[in-house]
Amino acid sequence: MAVAEAQLYAKVSNKHQGRSTSALLEPLLAKGFPAHIAQKALVATGQKTIEDAVKWLHSHCNDPTLDDPIPQEYALYLCPTGRLHSRLQDFWKESKRQCGKNRAHEVFPHITLCDFFSCEDQKVELLYDVLKRVGDSFSQSFPPSISLTLHASPSYLGFFIDDGQANVLKEFAVAFSAEASALADCHVKPSLKQFHLTLAHKFYPHHQKTLEQLAKCINPGEPCQWVAALYSRDMRFVYYQRLRALFQYKPQNIDELMINAGDLIYVNPAQQGDASEGWVIGTSHRTGCRGFLPENYTEKAHESDTWVRHREYVFGTASRSFTKTEKEPNVKLNGEAPNLSVSRSATDVLSLQNAALRRGVLVMHHGERVDQVFGKSWLQQCLTADGKYYRADLNFPSSLPRQKGSMQHFECDPPLSCCGIFQSRLIGEALLDQEVTVSYVYSSPALRCVQTAQHVLQGLKLNPKVRIRVEPGLFEWTRWEASRAIPNFMTVAELVEASYNIDTSYRVNFPLSSLVPSESYEDYVSRSSAVIKQITTACPSKGVILIVGHGSSLASLTRALAGLPSTDGGDFAQMVRKIPSLGMCFCEEQKEENKWQMVNPPVKTLTHGANAAFNWRNTILED
């Protein structure tokens, strides 16, 4: 055990072990969980629901540190909500895009009232009581609005708080610290420095002017309701990096870590000496297990992504109302239990009903293409001596559609594999299960995209009610797929003859003749922006517009539709490589605000493993 960890264990073990009651603890004890482990689960999930705690316990069943007595660390932040919070988030995104990530991006917008302190698991509820009691005592004196003044230096940019109002905040922080220290037997220090809300920190000096210009676009007088919120973090991983898993990884060896897409991983840069190139050693935030994982399955996450929000006190409202969020469905308001009369299922139904009243655009990457499995020379593996096609593997399509000219055209315009067909139909069935109303379908002219659209429609049971509009403007960035010549795509007439459900009356926005080989990235982005605007204009009816395109389509179409700047050309290829077959992005129209917003797709992602070719002679009879 490292010296620092040994000291941490000793410090914790020597503390007085008290106990407070919890309405959530008794049901966990009744299920047979030991008290100290049940309390750890409640604290780790923000003491929201028994279900959350039980799920955490099941996820951590193999956590080697489950019995360790190390508590969480807590901090009290004053956080803006409402329109000011939205403007600050816009600044966060735009400053990151224009100037890259700085230290401020690690945490959400906040004013620090009390910095991190440790508190034993069984005494955390006392912190909630203190927050409510102190909040109530300051509710009348708390300023109805907080004056923010922009301050800039070569390494810092942020808002300073007016002295008179800052004094009230300091008094609130001092009162909370004193009561929490006395009641919960923990050492809480109030922040006594100049109160501030950081916008950027530790950035390159040459970015200062750009950041200042962006900051001046924020109106600090925007309507805002301030919330004193209690957050916790795992003190063992304070100085670790955070990674987020992009894909599922199933261990091939005993020392590897199982991860699911979305998992957060703690990685200590100082402990990577034993990892091979392309691998890291990490600890899963979801399971507590440790092991090796492929680094290219992850992306960097923010420090606060692993924090847990516990309780909050809302200032500046007589009703003290609290709006639940998806991540925090049962957070107490000002220390009081919420009204649970509306079930989650009812909330989901209402959400789906509201979504049905809006237009949506679902951009989908095509299914598994045959050359993705068998390589660029796949066609040579399937041709007899006299040039006829035959199925050399069960994942090859049973036949190829008829096309004028040479069969070699399929090398540049490959079809789906059989697994790709199955994937597409499965996604269609999932959309049907979620009662997604698809009103229009557009497809790139690439055969694999048309086939994907066809089989998604079959899964949706919309063949032939909704027909596929083949739009050449949706084709891939030609620098990748057509650096020398545009592929000889099947014509609309050939697709119809091959029994594809094509809308023959559709008039394209970009004729095939307008596609040029090896176009620039700027031209591709411009083409994508134009075609998505033309598509949404041509489809005024409510419901979902399904667009089947390429991996690059997910970024180029949705970002343009949502009014976001295009991805930097240097990062574009790396991002697209991470998009799997049938990867999806969903945009929902916010008609009242005259804009489109990216939201979660209506169905889950499709994840599966590889299945290599098998030769029984070479394997079973091998000496």
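Our subject is the structure that appears above.
All of the points below concern the structure found in this document. (Residues numbered from 1 in each chain as written. Predicted model: local features only at pLDDT ≥ 70, side-chain atom pairs only at ≥ 80, totals over all residues. Heavy atoms only, no water.)

1. Quick notes on the overall build of the chain
In plain terms, the rule: Strands here mean DSSP runs of E at least two residues long; helices mean DSSP runs of H or I at least four residues long; both are numbered from the N terminus. Partly exposed describes any residue whose relative accessible area lies between the buried limit of under 20% and the exposed limit of over 50%, with all areas from a 1.4 Å probe on protein chains only and scaled to the type maximum. In what follows, a contact means two residues having at least one pair of non-hydrogen atoms within 4.5 Å. What sets the accessible areas is the Shrake-Rupley method with a 1.4 Å probe; for residues, cover comes only from the shown protein chains.
A count of helical and extended segments in the chain gives 19 helices and 18 strands. Looking at the 623 residues of the chain, the share that counts as buried comes to 48%. In the chain, the share of contacts with a sequence separation of at least 24, taken over all contacts with a separation of at least 6, comes to 73%. Summed over its atoms, the accessible surface of the chain is roughly 31,600 Å², and 51% of this surface lies on carbon and sulfur atoms.

2. Some thoughts on the packing of helix α16 (residues 521–538) against helix α17 (residues 553–561)
Helix-helix packing is characterised by the crossing angle of the two axes and by the distance between the axes. Here is the rule: An axis is simply a line fitted to the C-alpha atoms; with a helix, the fit covers only the stretch in contact. Between two such axes, the angle follows the N-to-C directions and lies from 0 to 180 degrees. Angle categories are assigned with fixed cut-offs, so that under 35 degrees is roughly parallel, over 145 is roughly antiparallel, 65 to 115 is roughly perpendicular, and the rest are oblique. Note on convention: the crossing is left-handed when the near helix lies turned anticlockwise from the far helix by less than a right angle, right-handed when the turn is clockwise. Gly is put with the polar residues, along with every residue not named as nonpolar or charged; the nonpolar set is Ala, Val, Leu, Ile, Met, Phe, Trp, Tyr, Cys and Pro, and the charged set is Asp, Glu, Lys and Arg.
Two elements in contact, α16 and α17, have axes separated by 9 Å at closest approach and are oriented at 60°. Considered as vectors, α16 and α17 are oriented oblique to each other. The crossing of α16 and α17 is right-handed. Contacts between α16 and α17 involve Tyr524, Ser528, Ser529, Val531, Ile532 and Thr536 from the first element and Ser553, Ser556, Leu557, Ala560 and Leu561 from the second. Of the residues contributing to the contact of α16 with α17, the split by class is 6 nonpolar, 5 polar and no charged.

3. Things to note about the side chain of His110
Convention followed: Whenever two N or O atoms come within 3.5 Å, that pair is a polar contact, provided that in protein one can donate a hydrogen and the other can accept it, and provided that, for residues adjacent in sequence, both atoms are side-chain atoms.
Tracing the sequence through the fold places His110 in the loop between α5 (82–99) and β2 (111–119). Judged by relative accessible area, which is 16%, His110 ranks as buried. A distance of 2.8 Å separates a polar atom in the side chain of His110 from the backbone oxygen of Phe108. For His110, the side chain forms a polar contact with the side chain of Thr112, separated by 3.4 Å. Residues in contact with His110, not counting those within four places in the same chain, are Tyr77, Leu78, Cys79, His196, Leu197 and Thr198.

4. Description of the environment of Leu66
Its place among the elements puts Leu66 in the loop between α4 (50–59) and β1 (72–80). A relative accessible area of 14% means that Leu66 is categorised as buried. C-alpha of Leu66 to C-alpha of Thr287: the two residues are 221 residues apart in sequence and 10.0 Å apart in space.

5. A short note on the sheet that holds strand β10 (residues 290–294)
Rules: Whether two strands pair depends on DSSP finding at least two bridges between them.
Overall, antiparallel pairing links the 5 strands, which are arranged β10-β9-β8-β7-β11 in an open sheet. Sheet topology places β10 and β11 (298–300) at the edges, where each strand pairs with a single neighbour. Going across the sheet, the axis of each strand differs from the next one's by a mean of 45°, ignoring polarity. Relative to strand β9 (residues 279–284), strand β8 (residues 264–267) runs antiparallel, the two sharing 2 bridges. The partner of Tyr266 across the bridge, within β9, is Thr283.

6. Description of the state of the cysteines
Selection criterion: Any two cysteine sulfur atoms within 2.5 Å of one another count as a disulfide.
On inspection of all chains with the given rule, the structure shows 0 disulfides. Free cysteine: Cys61, not disulfide-bonded; nearest cysteine sulfur from Cys289 at 7.3 Å. A relative accessible area of 53% means that Cys61 is categorised as exposed.

7. Observations regarding the pairing of strand β7 (residues 241–245)
Where β7 lies against β8, 4 bridges are found, and the strand directions are antiparallel. Bridging from a neighbouring strand, Leu243 pairs with Ile265 of β8. Looking at chain direction, β7 and β11 are connected through 3 bridges and run antiparallel. Residue pairing in the sheet places Arg244 in a bridge with Glu299 of β11.

8. Re the packing of helix α6 (residues 124–138) against helix α7 (residues 163–183)
Across the interface, α6 lies against α7 with an axial gap of 9 Å and an inter-helix angle of 145°. Regarding α6 and α7, the two cross each other, and that crossing is right-handed. Contact residues: Leu126, Leu127, Val130, Leu131, Arg133, Val134, Gly135 and Phe138 in α6; Val168, Glu171, Phe172, Ala175, Phe176, Glu179, Ala180 and Leu183 in α7. Broken down by class, the residue content of the contact of α6 with α7 amounts to 12 nonpolar, 1 polar and 3 charged.

9. Quick look at the packing of aromatic side chains
Selection criterion: For Phe, Tyr and Trp, where Trp contributes only its six-membered ring, two rings pair if their centres lie within 6.5 Å, and the inter-plane angle classes them as stacked under 30 degrees, edge-to-face over 60, or tilted in between. Here, a charge over a ring means that NZ of Lys or CZ of Arg falls within 6 Å of the ring centre while also lying within 35 degrees of the ring normal.
In this structure the tally under the stated criterion is 30 aromatic pairs. With a centroid separation of 6.0 Å and an interplanar angle of 70°, the aromatic rings of Tyr77 and Phe108 are classed as edge-to-face. Highlighted residues: Tyr77 in strand β1 and Phe108 in the loop between α5 and β2, separated in sequence by 31 residues. On the basis of an interplanar angle of 55° and a centroid distance of 5.0 Å, the ring pair of Trp477 and Trp480 is categorised as tilted. Since its relative accessible area comes to 35%, Trp480 is described here as partly exposed. Connected via pairs of aromatic rings, a cluster forms that spans Tyr77, Phe108, Phe116, Tyr231 and Trp307. We note Arg233 situated over the ring of Phe116; from NZ or CZ to the ring centre the distance is 3.6 Å. Directly above the aromatic system of Tyr128 lies the positively charged group of Arg311, at a separation of 4.3 Å from the ring centroid.

10. A look at helix α8 (residues 208–215)
To be explicit about the condition: Taking the helix axis as origin, the arc is that swept by the directions to the C-beta atoms.
Within α8, burial applies to Gln208, Leu211, Leu214 and Ala215. Viewed along the axis of α8, the buried residues span an arc of 130°, placing them on a single side of the element. On its buried face, α8 sits against α5, β3 (148–153), β4 (156–161) and β5 (196–201).

11. A word on the nonpolar core
Cut-off, in case you're wondering: Residues belong to one nonpolar core when they are buried, are Ala, Val, Leu, Ile, Met, Phe, Trp, Tyr or Cys, and are joined through side-chain atoms within 4.5 Å.
Leu78, Phe176 and Leu199 are the most contacted members of the largest nonpolar core, which has 52 residues in total. For Leu199, the contacting residues outside a window of four places in its chain are Leu88, Phe91, Trp92, Asn102, Ala104, Leu150, Leu157, Gly158, Phe159, Ala215 and Ile218. Leu447, Val450, Ile468 and Phe586 belong to the second largest nonpolar core, which has 44 residues in total.

12. Structural notes on the pairing of β9
Sheet faces and side chains relate simply in a regular strand, where the side chains alternate between the two faces. Burial runs high along β9: 5 of the 6 residues are buried. Bridge count between β9 and β10: 5 bridges; the pairing is antiparallel. By the bridge assignment, Val280 is partnered in β10 with Leu293. Count of turn residues in the β9/β10 antiparallel hairpin: 5 residues, of which Gly288 carries a positive phi of about 80°.

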